[in-house]
Amino acid sequence: MAIQPQLDLLTDSPKAAAVPQAITEPGRRNRRGHSHRPYFSGGILALFILAGLIGPLIAPHSTTHVSLSLYLRPPVFAGGTWAYPLGTDELGRDVLSRLLGGARISLLVGLSVVFISGAFGLVVAMISGYIGGRIDAVLMRFTDATLAFPTILLAIVLAAIFGASEQNVIIILAVGGWASYARVIRSEVLRLKKQDFIVMSVVMGAGPLWIIRRHLIPNVMSTLVVLATLQLGAAILSEGAMSFLGIGVPPPAPSWGGMLAGGSDYLTTAWWLALFPGIALSLTVLASNLMGDWLRSRSDPTGHR
Amino acid sequence: MLQIENLRVAYLHDNRRSVAVRDVSFDVPTGATVGLVGESGSGKTTVALSVMRLIRPPIGDIEAGSVRLDGVDLLKLSNKAMRTTLHGDIGYIPQDPTAALDPLCKIGRHVDETLSPKIPKAERRALIISLLESLGVRNAATRLGSYPHEFSGGMCQRVAIATALARGPKLVIADEPTTALDVTTQLSILRLLDAQRRERNLSMLFVTHDLAVAQMLCQYVVVMYAGEVVEKGPTAEVIQRPRHPYTRALVGAIPQPTDKSRARLRAIPGQPPAPAQDRVGCPFAPRCPLAADACKVMPELKELDGVEVACWKAGVEEEPRVVAETR
Amino acid sequence: MIRYTLQRLVQSLIVILAVVTVVFLLVRLSGNPAQVLAPLGATHADIVAIGDRLGLQHPLYVQYLTFLSQIVRGDFGTSYGFQAPVVQLLATALPYTAELAFVAFAFASIVGVSLGTISAVKSGTWIDGVARFIGLIGQSVPVFWLGIVFVLVFAVKLRLLPAFGAGGPEHLILPALALSLRPMASITRLSRSATLEALRADYTLFERSKGVKQSVLMRHLLRNMSLPVITLTGIQLADLLSGSVVIETLFGWPGMGLLAIQAINLRDYTVVQGVVTVDTIIVVLMNLLVDLSYGWLDPRVRRRVFA
């Protein structure tokens, strides 16, 4: 489920199973299914990023201010008022404002996780793929173990010891998330290493750092972007799950997962509490998955055949 | 025996069609081997696969023509009847046997699948063993349980040939059966195929890019270029006196052991045209040393001393001299 | 074969040991567990007494070795929060999680493999559309939200199924269904692309040229496409275990996940430690099993590594 970030890039291609090459050998699905421009996913993602950046500025109410007299107001289309368009929660807080605030948390967590685990995964992939041999074998064993290890166990341990916080969520997801970058990019590096332009550089005496900087990193960039886009969705989903369990972003911060958890207690009386954050979360993740699939189909050279 | 008439086959890419084979007609007489010769992309494999109706959407589409086996048009058969025909009458020998044998399926089973389940198991087993032994697989009885990856390419091809022959077919279609093999193995496989043809009075459609191989094995050759037949006739006739400039170039590319001049092998300059929907003129004209204004119209196949040629310049005689000079 | 098995077994043990060690260190280095366990208003003497009961007066490596030897003997300590031996808590919870995960995974596999295969064979038809929709939705919709929607529809509105706790088989339906969606999505996607791959392979063309029955062709196809699907079972298992924590919490299903979350709320480290250890052992052993069975299913791997 949600907490294992970013595995679907690996699980989508059968080649990925034996030799992870998800980027270069995707299923035909991507080739045929997402050739059109991603207006839907692009639009949703733009909206999400905008909400994350300026949401709290345009929010009509405070995200945390409790006023019990306003509790459980329905949304405007279900008999509520325009003052609280999406209703209020059990503590009288405006649902719309909290949704906008939640976008900022999701964006922050998502981007941080993507950057940290992407950078770390890239470094591991370069060392492993370029140097090879013993170091490669050890690093890849470690990577496999990380991939098969349920991140939620780590989340549980850290939450039990240090308590829940936004920082811990980012650390946990990054610790669980770098492995898929390392796996996929390493196989890219292995493929690139055999190509003439790199072999030529080596023959001409270029140092490893120069080759990595000038040749390898630019060439794995598109792969990195695809992985990052897919992981963004997965990380947001995981943050939601952890906050839902109470081991993620602690209340009263308006995390979508936390809002869902609060709303699940009021299913019979206030359905909107669970509905809106669920939709926001699903749409954002869906858009980032669609975008990732589209980018992957575009970066696949065989897709143009 | 096998009569192919006006066969036209297209491949499908998304919503575009590219015609890979156009208006191909030729016969494979009973007991004879016909070589289908051409460079890669000439459509020869497509013809071979179309006979078995293995080209179908979403990959490609047989657009027109007929393929008659003993008078029955295979293209008009129901899917079930076609399967029965494939199961009984046609044997296929693939290009790369190591990829064509399901890696998870034991050797014995590959052959067994083509035999009727009505035959008792022990009998089938004995049949498979004797067939494999006769094809040069030693200790076949102990190797039925092996997997394809444990066999060499040549051994895999023997298994594939056994699979093709086990059903007692009338027609064998071999698609470059030796291309993926070692040079030393190639010859033994070719000898084996020829021996089996004689023994079983098989008709054989032999796809190859190598005119030298066709010369060894085939009574007739059909030369294809860019999806069209440019020349066809008895092998000896075609190779000794090639009438089409393309055939001539191919013949020139056969290494001659008698040639003491240590001349280099001649390459044909230029590239074959890309498959397209419509085409005017002779497809070889851009690479042809004899091209003239007449070649802007596609020449029909016409008979010339027992050989059919599609070339406006087919009668021009000085060309062999030109070839000899350039050597 | 035996050598490979042993090698993988040793590797698995190393992974388990590493996880157990890390958890132990994190717990011990994060502060004084006795402080946390002590009730509000406890005196310093009380805390020291609790610490002595936990063995905290000994040096760290002694504590570590004691801890290891206890685990090996199956002793995970006593839970102060639940007032019971941790082993007993785990033994009660484990069957519930196993039941839930097994049913969800079986359902996900059956639906996912059939849907993925059919959608590849009938590429471009409505069933292909359904498969792709499930593949996309399953990895985008959070299971906890899906669970909430299920509860709202089937338990609250329709009053068909119980929404909470464990009991008869009807209690299992909603949580198992919600838990199965994500693995179902990835199995569908993977089966689909693996089948497409197999359909394009040379051996499929060769089988077709033999004129074999559809059923024979299907068997070749299924065996070949199942290999990549099985390879990823290990990763999916990790996924499933993560999902079960959420689902168990949501549906009040008394398994390992719910136990862990309750333990966190009680700040009961011993239970958390026990849950993580047992879960790790399960995941590692399952991965070992998958690896070994893969070797058996693929003759190429079998001869290479088992020779």
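Remember, it's a predicted structure, so these values are computed and weren't measured experimentally. Starting afresh in each chain, residues are numbered from 1 along the sequence in its written order. Written order decides the labels, with chains lettered from A and ligands numbered from 1. Two thresholds apply to this predicted model, a pLDDT of at least 70 for residue-level local features and 80 or more for giving and counting side-chain atom pairs, whereas whole-chain, interface and lining totals are computed over all residues. For the side-chain quantities, the full set of heavy atoms in the structure was used; hydrogens and water were omitted.

Comments concerning the packing of aromatic side chains
Here is the rule: Note on ring pairs: Phe, Tyr and Trp rings are taken, using the six-membered ring of Trp, and paired if centres are within 6.5 Å. Classes follow the plane angle, with under 30 degrees stacked, over 60 edge-to-face and the rest tilted. Numbering goes from the N terminus for both helices and strands, where a helix is a DSSP run of H or I of at least four residues and a strand is a run of E of at least two. Each residue gets one of three labels from its accessible area relative to the maximum for its type: buried under 20%, exposed over 50%, partly exposed in between, using a 1.4 Å probe on protein chains only.
In total, this model carries 12 aromatic pairs over all chains according to the counting rule given. When the centroid spacing of 5.2 Å and the interplanar angle of 65 degrees are considered together, the rings of B:Tyr246 and B:Phe284 count as edge-to-face. Pair noted here: B:Tyr246 is in helix α11 (residues 245–252) and B:Phe284 is in the loop between α11 and β11 (302–304), with a separation of 38 residues, a long-range link. Comparing B:Tyr246 with B:Phe284, the two get one shared label, buried. One aromatic cluster in this structure is built from A:Phe120, A:Phe142 and A:Trp178.

Observations concerning the interface of chain C and chain A
As a reminder, the rule being used: We call two residues contacting when some pair of their heavy atoms lies within 4.5 Å. Put simply, buried area is the surface a 1.4 Å probe can reach on two separate parts but cannot reach once they are joined, added for both. The salt bridge criterion pairs a side-chain nitrogen of Lys or Arg with a carboxyl oxygen of Asp or Glu, the two atoms within 4 Å. The definition of a polar contact used here is a pair of N or O atoms within 3.5 Å, where within protein one atom must be able to donate a hydrogen and the other to accept one, and adjacent residues in sequence count solely through side-chain atom pairs.
Listed as interface residues are 59 residues of chain C and, on the opposing side, 58 residues of chain A. Buried area between chain C and chain A, summed over both chains or domains, comes out near 5200 Å², and the portion from carbon and sulfur atoms is 70%. Counting the contacts that link chain C with chain A gives one salt bridge. At the junction of chain C and chain A, the tally comes to four residue pairs in polar contact (both at pLDDT 80 or more). Of all the elements in the fold, those that place two or more residues in the side of chain C that touches chain A are α1 (2–29), α6 (126–138), α7 (143–157), α8 (169–200), α10 (214–231), α11 (233–251), α12 (256–265) and α13 (269–297) of chain C. At 11 residues, the largest contribution of residues to the side of chain C that touches chain A is made by α11(C).

A few points about the sheet that holds strand β6 (residues 90–93) of chain B
Residue and element names in this part refer to chain B. Let me state the cut-off plainly: In this scheme, strands are said to pair when DSSP sees at least two bridges between them. Lines fitted to the C-alpha atoms define the axes, with helices restricted to the stretch that makes contact. Angles between their N-to-C directions range from 0 to 180 degrees.
The strand order β6-β7-β8-β3-β9-β10-β12-β11 describes an open sheet built from eight strands, whose pairing is mixed. Both edges of this open sheet fall to β6 and β11, since each of them pairs with a single strand only. Within this sheet the neighbouring strands show an average axis-to-axis angle of 20 degrees, counted without direction. The sheet strands contacting helix α1 (residues 44–51) are β3 (33–37), β6, β7 (171–175), β8 (203–208) and β9 (220–225), and the helix crosses β8 at an angle near 150 degrees.

Things to note about the side chain of B:Arg243
Residues and elements named next belong to chain B. Turning to its location among the elements, arginine 243 is positioned in the loop between α10 (235–240) and α11. Polar contacts involving the side chain of arginine 243 include one to the main-chain carbonyl oxygen of arginine 241, which spans 2.7 Å. Beyond its immediate sequence surroundings of up to four residues, arginine 243 is in contact with Glu231, Glu237, Arg248, Leu304, Asp305, Val307, Val309 and Ala314.

What to know about the confidence of the model for chain B
Residue and element names in this part refer to chain B. Put simply, the test is: Think of pLDDT as the predictor's per-residue confidence, scored from 0 to 100.
The predicted model of chain B has a mean per-residue pLDDT of 84, with 91% of residues at 70 or higher. Long-range and interchain partners of residues 318–327, a stretch whose pLDDT sits below 50, account for 11 contacts in this model, where long-range means more than four residues apart. In the predicted assembly, ipTM is 0.85 and pTM is 0.82.

Brief notes about the domain arrangement of chain B
Residues and elements named next belong to chain B. What counts, and what does not: What counts as a domain boundary in this text is fixed by an automatic or database domain assignment.
Here chain B is partitioned into domain 1 (2–89 + 169–309) and domain 2 (103–163). Once you take the C-alpha centre of each, domain 1 and domain 2 turn out to be 30 Å apart. Listed by partner, the interface residues are 10 residues for domain 1 and 11 residues for domain 2. A buried area of about 780 Å², summed over both sides, lies between domain 1 and domain 2, and 65% of it is on carbon and sulfur atoms. Its largest share of buried area at the contact with domain 2, domain 1 owes to His87, Ile189 and Leu192, together 49% of the area lost on that side. Inspection of the region where domain 1 meets domain 2 yields zero salt bridges. The element best represented in the side of domain 1 that touches domain 2 is helix α8 (residues 183–200), accounting for seven residues.

A few points about the nonpolar core
Which entries qualify depends on this criterion: Residues belong to a common nonpolar core when they are buried Ala, Val, Leu, Ile, Met, Phe, Trp, Tyr or Cys residues joined through side-chain atoms within 4.5 Å.
Counting 124 residues, the largest nonpolar core has A:Ile185, A:Leu216, A:Phe244 and A:Ile247 as its most contacted members. Ranked by residues supplied to this core, first place goes to helix α10 (residues 208–245) of chain A with 15 residues. Here A:Phe244 is in contact with A:Gly257, A:Gly258, A:Leu260, A:Ala261, C:Phe144, C:Ile148, C:Val246 and C:Leu250, once residues within four sequence places are set aside. Core analysis: the second largest hydrophobic core is formed by 94 residues, B:Ala100, B:Val172, B:Cys218 and B:Val251 among them.

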